[in-house]
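Spelled out, the chains give:
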Amino acid sequence: MLYVPRLLHLAQGCSEGLTPLTAFDNALREAGIDNLNLVKVSSIVPKDARFGPRPSLPVGTVVPTVYTHVVSNVPGEIVSAVIAAGTGEHGGVLMEYHHRGPADDAERVATSMVEEGFALRGWTIDEIRFATAEHKVDRLGCATAAVLLLEGEPVGGHLRNEGEVTP
Amino acid sequence: MLYVPRLLHLAQGCSEGLTPLTAFDNALREAGIDNLNLVKVSSIVPKDARFGPRPSLPVGTVVPTVYTHVVSNVPGEIVSAVIAAGTGEHGGVLMEYHHRGPADDAERVATSMVEEGFALRGWTIDEIRFATAEHKVDRLGCATAAVLLLEGEPVGGHLRNEGEVTP
Amino acid sequence: MLYVPRLLHLAQGCSEGLTPLTAFDNALREAGIDNLNLVKVSSIVPKDARFGPRPSLPVGTVVPTVYTHVVSNVPGEIVSAVIAAGTGEHGGVLMEYHHRGPADDAERVATSMVEEGFALRGWTIDEIRFATAEHKVDRLGCATAAVLLLEGEPVGGHLRNEGEVTP
């Protein structure tokens with residue numbers, strides 16, 4: 001049942017809520033991804049994956065997603081959540097950062113993390129995209145950033161009864 | 001490899017253990033779901049999903065599950081874990097709450113969160129079900145509540161080689 | 001879309017990094033699993049699963065994985081992360097423990113947890129394997145241990161349109 005995603009969708013949203021969880025739910029709604037069952041994954045861009053709009057998915061679809069969020073109940077505080085998606089010839093990495101501070105600082109940190117991840121792998125960065133959310137807290141606010149991993153292709157062994165070769 | 005679950009199973013359990021993780025394992029056993037590989041997901045009820053008993057599943061089956069738990073090592077303390085499953089015409093939301101306090105309070109909070117989630121979506125609540133666990137700690141105790149997302153139907157793009165249309 | 005894994009792969013790694021997340025990314029690289037999208041799961045060994053080397057998987061493959069890690073920025077501190085995989089006739093359990101201390105202590109704790117998990121189930125332990133990582137922190141270091149759950153076989157209801165019986 002392993003698979004490789006082929007379509008990545010960046011999303012970001014901010015909102016207030018009555019509780020931390022509903023503030024997060026509301027922020028997911030602003031991001032357009034509130035009616036999905038998100039499965040948290042770590043953070044690799046498959047080779048040749050493309051970025052694009054979210055396809056229409058039924059309510060409750062289970063979707064592997066890299067996401068991060070930050071909640072604060074300090075009125076006036078700025079919170080931000082960022083995922084930086086670095087891509088290159090061999091694939092890429094998704095690095096998340098959130099903090100109680102402005103989004104441009106969070107993007108700088110996430111960019112450094114992408115650079116470190118590429119350097120580690122000996123890969124070259126072609127492009128860095130961002131999902132970035134920044135929110136000024138009213139009463140209890142949330143900023144969230146996410147990358148949905150969509151349109152997977154099956155990999156290997158789980159299909160071995162159907163004629164495929166186990167990797 | 002995206003899919004929409006069609007059968008939801010509510011479960012709850014409480015137990016003592018020698019460590020926080022084994023107390024949780026024991027509580028999952030009381031809930032009847034200890035021999036599964038739970039994948040944590042966020043929290044949407046698909047349209048037309050039904051609630052029912054857990055089917056017999058092989059040891060180690062990987063199952064997307066909304067779950068929450070609370071552990072305490074304060075003898076005599078009451079801990080409780082709740083998931084409220086609100087459903088309506090268009091689908092529903094699963095909201096979790098746990099705390100060091102009684103279950104009826106936790107159910108009240110989770111109910112408010114369901115109401116907020118429905119209001120946000122402009123949906124009407126038909127029914128709210130609960131998975132509720134309350135435990136009085138002896139030495140090191142755990143309460144857990146869970147909703148298993150079962151019987152998924154495939155969605156969209158991963159089947160595009162088999163004739164389906166990518167959404 | 002439920003399934004039962006049939007191949008388990010133990011991995012462990014340690015590394016330094018510039019941030020906690022990149023230290024973890026680097027440690028995953030040392031473990032040979034940095035280019036995968038890990039989905040965190042709880043912790044059961046299916047009956048008749050085998051342990052073996054990691055198959056070659058495309059960059060970005062989504063893989064259910066039991067993993068744990070510990071990060072420290074205290075120079076000279078020893079950190080360790082362990083997963084103990086206990087197996088027997090009916091299946092087994094994976095117990096994780098990490099701490100700021102040596103690996104042999106962490107293995108002892110994880111072993112006790114496996115013993116408690118087996119006792120709870122009334123099972124007998126045939127063997128305990130370990131994924132163990134121990135790291136002496138230079139500036140900001142991470143130790144990680146993981147068990148990849150591979151080669152899944154489909155289970156039950158999601159295939160009911162193809163002639164299988166829903167369990």
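Above this text is the structure in question.
Parameters at a glance
- Note that residues are indexed from 1 along each chain, following the sequence as it is written.
- To label them, take the chains in the order written and letter them from A, then take the ligands in the order written and number them from 1.
- Owing to the predicted nature of the model, reporting of local features is limited to residues with pLDDT of at least 70; listing and counting of side-chain atom pairs is limited to 80 or more, with chain, interface and lining totals taken over all residues.
- Calculated side-chain values reflect all of the structure's heavy atoms, with hydrogen atoms and water omitted.
- Any two residues whose heavy atoms approach within 4.5 Å are treated as being in contact.
- Here the quantity called buried area is the total loss of accessible area, with a 1.4 Å probe, experienced by two parts when brought into contact, counted for both.
- What makes a salt bridge here is a side-chain nitrogen of Lys or Arg within 4 Å of a carboxyl oxygen of Asp or Glu, nothing more.
- Polar contacts, as counted here, are pairs of nitrogen or oxygen atoms within 3.5 Å of one another; within protein the pair requires one atom able to donate a hydrogen and one able to accept it, and residues that are adjacent in sequence qualify only if both atoms are side-chain atoms.
- Fitting of the copies onto one another was done by least squares over C-alpha atoms, counting residues only where both copies have pLDDT of at least 70.
- At least two DSSP bridges between two strands are needed for those strands to be called paired.
- Each helix is a run of DSSP H or I of at least 4 residues and each strand a run of E of at least 2, with the numbering of both proceeding from the N terminus.

Colleague: I'd like a rundown of the interface of chain C and chain B, residues and numbers included.
Modeller: Between chain C and chain B, the residue contacts involve 31 residues of the former and 33 residues of the latter. Of the roughly 2,600 Å² buried between chain C and chain B on both sides combined, carbon and sulfur atoms contribute 62%. Run the count over chain C and chain B and you get two salt bridges. The closest approach of N and O atoms between B:Asp25 and C:Arg121, which form a salt bridge, is 2.8 Å. Here chain C is connected to chain B by 11 residue pairs in polar contact (both at pLDDT 80 or more).

Colleague: Describe the relation of the copies chain C and chain B, listing the residues and the values that go with them.
Modeller: Between chain C and chain B, which share one sequence, the superposing operator has a rotation angle of 120° and an axial displacement of 0.0 Å; the RMSD is 0.0 Å. The superposition of one copy onto the other is thereby described by a three-fold rotation axis. An asymmetric contact is evident, with only 13% of the interface residues of chain C recurring at the interface of chain B.

Colleague: Residue-level account of the relation of the copies chain C and chain A, with values.
Modeller: Each copy of the sequence occupies a distinct position, and chain C is placed on chain A by a rotation of 120° and an axial shift of 0.0 Å, giving an RMSD of 0.0 Å. Each copy contacts the other with its own distinct surface, as only 12% of the interface residues of chain C are interface residues in chain A too.

Colleague: Describe the pairing of strand β8 (residues 91–99) of chain A, and please don't skip the residues or the numbers.
Modeller: Residue and element names in this part refer to chain A. Relative to β8, strand β4 (residues 44–45) is paired through two bridges, and the arrangement is antiparallel. Bridge assignment links Ile44 to a residue of β8, and that residue is Val93. Relative to β8, strand β7 (residues 78–88) is paired through nine bridges, and the arrangement is antiparallel. Among the inter-strand pairings, Thr87 is bridged to a residue of β8, identified as Gly92. Here β7 folds back onto β8 in antiparallel fashion, the turn holding two residues.

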